[in-house]
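The chain contents come next:
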Amino acid sequence: MAVYAAASVASLWPTSPIRMPLGLAFFNVAVAGALPLIVGSQLDGASSSNGYATWYVAAVGTLLTITATRKRPLLAWIGTGFLIAHTVVWAGAGALGSMGVIGSAVWVAAAALLSRALAKAARDAQQFARAEREAARWQAAQEAHLFERQVRLTHTNRLALAMLQRIVRRGGVLDESQRQECRYLEAAIRDEIRGRRLLNDAVRDEVMTARRRGAIVTLLDEGAMDDLGGAELERVLNTLAEAISRTTADKIIVRTAADGSDTAVTVVGLRSPQPGTGSLSEDDTGDEVDLWLEIPRALAQTKQH
């Protein structure tokens, strides 16, 4: 009884993990094998008057039920098998029912099935929770895409609506200045698509000013500044607008730096040599670099060449 009590207390200890430690499970199996041998050795298996003296059957069944519930069903079945074998050898197969061995085996089976069902339910709950998180993430991404699309359409409508109405009123017949204005608007709309976070009102104004003086401006946002926001993003864009306003280059290329770089934006201004100036040699037919600017992600000294 002391051995059984020790095994029960250890198996039901409140701070124990759900899955029973392997050493404790083996100890329970050893107790389940020792109790029938110890108690049965003091009784007459052929007698029908043992009564409550066969208490160990229920005790072993309870201990093995706890073992099966705590996710050690194989060892619980080993202990149950020993109890069944001992009873058959000691008192005969007919004693399995009268001594409660069948009932103990049923409890172990029920505990094993219930433990497996609960484990499966826990796994299913985790899968459902994971699927719910993925669905929420997908829905948030779709809502973000929809919001971004609406913002772009609203801005495009604000840019082009007046010109489109003018084109409708004139039946599509435009003079050269109006055609040129349409080209500027088309370039501005393209900037909204390809430039994305490279644009604020100051950058838009300076880019349009540069185009009106004849410069070719290309804005390429490849997503490297998506993590910037607030004051840091405004600092980068204001520095970019100031650089565009100062340069007189014929071609201006603005693009975000590679991921992981300390630079947020790289600005290159190219000037085409004027014919007849003598600045070109036979081996040099390329554009001249008028501006090279690296705008850092963090507040630091801007590198300009």
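Described in the following lines is the structure provided in the data block. (Residues numbered from 1 in each chain as written. Predicted model: local features only at pLDDT ≥ 70, side-chain atom pairs only at ≥ 80, totals over all residues. Heavy atoms only, no water.)

### A few points about the overall build of the protein chain
When helices and strands are counted, the protein chain shows nine helices and five strands. Radius of gyration (C-alpha) of the protein chain: 41 Å, far over the 19 Å computed for a compact globule of 305 residues. On the principal axes, the C-alpha backbone points of the protein chain span a range of 125 × 50 × 35 Å. Counting only residues that meet the buried cut, the protein chain has 34% of its 305 residues in that class. Across the protein chain, contacts joining residues at least 24 apart in sequence account for 64% of those joining residues at least 6 apart. Entry remark: accessible area of the protein chain is about 18,300 Å², with carbon and sulfur atoms responsible for 61%. (Helix = DSSP H or I, 4+ residues; strand = E, 2+ residues; numbered from the N terminus. Rg over C-alpha atoms; globule rule 2.2 N^0.38 Å. Buried < 20%, exposed > 50% of the residue type's maximum accessible area, 1.4 Å probe, protein only. Contact = heavy atoms within 4.5 Å. Areas by Shrake-Rupley, 256 points an atom, 1.4 Å probe, with all protein chains shown as cover.)

### Observations regarding the environment of S245
Secondary-structure assignment places S245 in helix α9 (residues 230-246). With 96 residues separating them along the chain, S245 and R149 place their C-alpha atoms 30 Å apart. Within the local environment of S245, its side chain forms a polar contact with the backbone oxygen of E242, the two atoms lying 2.6 Å apart. (Polar contact = N/O pair within 3.5 Å; in protein donor to acceptor, adjacent residues only side chain to side chain.)

### Remarks on the nonpolar core
Grouped together as the largest cluster of nonpolar side chains are 26 residues, with contacts concentrated most on M225, L240, I252, V254, V265 and V267. Only α8 (201-212), β1 (216-220), α9, β2 (251-256), β3 (263-271) and β4 (288-296) provide two or more residues apiece to this core. If we skip the residues at most four places from it in the chain, L240 touches L198, V203, V254, V267 and I295. Counting residues in hydrophobic clusters, the runner-up holds 22 residues, among them Y56, A59, V60 and M99. (Core = buried A, V, L, I, M, F, W, Y, C linked by side-chain atoms within 4.5 Å.)

### Thoughts on the pattern of salt bridges
Scanning the model with the defined rule gives 12 salt bridges in all. The shortest N-O distance in the salt bridge between K120 and D124 comes to 3.0 Å. Of this pair, K120 and D124 both sit in helix α6 (residues 101-169), four residues apart, which is roughly one turn of that helix. On the basis of relative accessibility, which here comes to 46%, the residue K120 falls in the partly exposed class. Overall, the relative accessible area of 23% leaves D124 in the partly exposed class. Note that R190 and E186 form a salt bridge whose closest N and O atoms lie 2.4 Å from each other. Placement of the pair is R190 and E186 together in helix α7 (residues 176-194), with a separation of four residues, close to one helical turn. Where salt bridges share partners, they join E192, D201 and R204 into one cluster. (Salt bridge = Lys/Arg side-chain N within 4 Å of Asp/Glu carboxyl O.)

### Overview of the packing of aromatic side chains
This model, assessed by the stated rule, comprises one aromatic pair. When the ring of Y4 is compared with that of W55, the centres are 6.3 Å apart and the planes differ by 65°; the resulting orientation is edge-to-face. Here Y4 is found in helix α1 (residues 2-11), whereas its partner W55 is found in helix α3 (residues 55-69), with 51 residues between them in sequence. Accessibility expressed as a relative area gives 19% for Y4, which makes it buried. (Phe/Tyr/Trp six-rings, centres within 6.5 Å; stacked < 30°, edge-to-face > 60°.)

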